[in-house]
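Below, each chain spelled out in residue letters.
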Amino acid sequence: MLELASEPDTINFGDLPDEIDALLQQGVAAYRRDHARADRLFRQALAAAPDELPTYFCLYKIHTYQGNLDEAKAVAELGLQEAARQAGWPRDWRRWTPHVPIPDGAGRFALYTLKALAFIHLRKDERDSAEQMLGALRQLDPSGAVGWPVVAALADGIG
């Protein structure tokens, strides 16, 4: 017999405390109809557990979607700093060195967030900053595992 799931589709944010996962799931659901409520839920999760990286992702993603690029940039920069701290990397991404293979966990999140920041800078018409980040990603992730080639192609198309 087929069992129907009692909960709507959820996003797998990884191994999070239940209360943080619940806030993120509620935020994702709220985003479809109430952006302000989604923002409040994500910020509540961030205040409760600032070391949980998926919360930064949720916040910078929704603000990028909404065109709130200054807010997206600010949150992404905070997430980048936290991911670098957790990975044991320097705070300044310009001082990061390549790792083979591309790291998992906080290191991958840091690289992914650097890609997101390059995209945000590109959207803000801050081409030099975006290009610097993409140049670093070419060295740090030569295979493009975190998806930076897509942002590089956008930058090439704009230039």
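The shown structure was predicted, so the numbers you read here are calculated from the model rather than taken from an experiment.

Engineer: I keep staring at the overall build of the protein chain and nothing clicks. Help me out?
Structural biologist: When helices and strands are tallied, the protein chain shows 7 helices and 0 strands. Going from N to C terminus, the protein chain has its helices and strands arranged as α-α-α-α-α-α-α. Reported as C-alpha extents along the three principal axes, the dimensions of the protein chain are approximately 50 × 35 × 30 Å. Per-residue burial over the protein chain gives 43% buried out of 159 residues. Within the protein chain, counting contacts between residues at least 6 apart in sequence, those at least 24 apart form 51% of the total. By element, 51% of the accessible surface of the protein chain is carried by carbon and sulfur atoms, the whole surface being about 9,000 Å². Side-chain charges in the protein chain split into 17 positive and 23 negative, and the spacing between the mean points of these groups amounts to 5 Å.

Engineer: I'm lost on the nonpolar core in this one. Help?
Structural biologist: A general feature of soluble globular proteins is that nonpolar side chains tend to end up buried together. Counting residues in hydrophobic clusters, the biggest one holds 52 residues, and the most contacted among them are Leu24, Phe42, Trp96, Leu111, Leu114 and Leu134. Broken down by secondary-structure element, the contributors of at least two residues to this core are helix H1 (18-31), helix H2 (35-48), helix H3 (53-66), helix H4 (69-87), helix H5 (105-123), helix H6 (127-140) and helix H7 (148-158). Here this core gets 10 residues from one element, more than from any other, and that element is H5.

Engineer: Looking at this structure, how should I read the packing of H3 against H4?
Structural biologist: A pair of packed helices can be characterised by two numbers: the angle between their axes and the separation between those axes. Contact geometry of H3 with H4 gives a least axis separation of 8 Å together with a crossing angle of 160 degrees. In terms of axis orientation, H3 runs roughly antiparallel to H4. H4 is crossed by H3, and the crossing has left-handed handedness. From H3, Leu53, Tyr56, Leu59, Tyr60, His63 and Thr64 reach across to H4, where they touch Leu69, Glu71, Ala72, Val75, Ala76, Leu78, Gly79, Glu82, Ala83 and Gln86. Taken together, the residues of the contact of H3 with H4 sort by class into 10 nonpolar, 4 polar and 2 charged.

Engineer: What is the right way to read H3 from this model?
Structural biologist: Along an α-helix, a turn takes 3.6 residues, which lines up residues three or four apart on a common side. Taking 1.5 Å per residue, 14 residues should reach 20 Å; H3 reaches 21 Å between its end C-alpha atoms and fits that length. Close packing links the buried residues of H3 with H1, H2, H4 and H5. Positive backbone phi, at 80 degrees, marks Gly67, one or two positions downstream of H3.

Engineer: Help me out: how do you make sense of the confidence of the model for the protein chain in this one?
Structural biologist: Any segment with low pLDDT has predicted coordinates that should not be analysed in fine detail. Of all residues in the protein chain, 94% attain a pLDDT of 70 or more, and the chain-wide mean is 93. A low-confidence stretch, residues 1-6 (pLDDT under 50), is modelled with 0 contacts involving residues beyond four sequence positions or located in other chains.

Engineer: I keep staring at the packing of aromatic side chains and nothing clicks. Help me out?
Structural biologist: Centre distance and the angle of the planes are the two values used to describe a pair of aromatic rings. Scanning the entire structure with this criterion turns up 4 aromatic pairs. Both rings, one in Tyr31 and one in Tyr65, keep their centres 6.5 Å apart while their planes meet at 45 degrees; by these two values the pair is tilted. Within this pair, whereas Tyr31 is found in helix H1, its partner Tyr65 is found in helix H3, the two being separated by 34 residues in sequence. Given a relative accessible area of 19%, Tyr31 falls into the buried group. By relative accessible area, which is 57% here, Tyr65 ends up exposed. In this structure an aromatic cluster arises from ring pairing among Phe57, Tyr60 and Tyr112.

Conventions we followed
Residues numbered from 1 in each chain as written. Predicted model: local features only at pLDDT ≥ 70, side-chain atom pairs only at ≥ 80, totals over all residues. Heavy atoms only, no water. Helix = DSSP H or I, 4+ residues; strand = E, 2+ residues; numbered from the N terminus. Buried < 20%, exposed > 50% of the residue type's maximum accessible area, 1.4 Å probe, protein only. Contact = heavy atoms within 4.5 Å. Areas by Shrake-Rupley, 256 points an atom, 1.4 Å probe, with all protein chains shown as cover. Lys, Arg positive; Asp, Glu negative; His and termini not counted. Charge placed at Lys NZ, Arg CZ, Asp CG, Glu CD. Core = buried A, V, L, I, M, F, W, Y, C linked by side-chain atoms within 4.5 Å. Axes fitted to C-alpha atoms, helices over the stretch in contact; angles between N-to-C directions. Parallel < 35°, antiparallel > 145°, perpendicular 65-115°, else oblique. Left-handed = near helix turned anticlockwise from the far one by under 90°. Nonpolar A, V, L, I, M, F, W, Y, C, P; charged D, E, K, R; others polar. Expected span 1.5 Å × (residues − 1). pLDDT = per-residue confidence, 0-100. Phe/Tyr/Trp six-rings, centres within 6.5 Å; stacked < 30°, edge-to-face > 60°.

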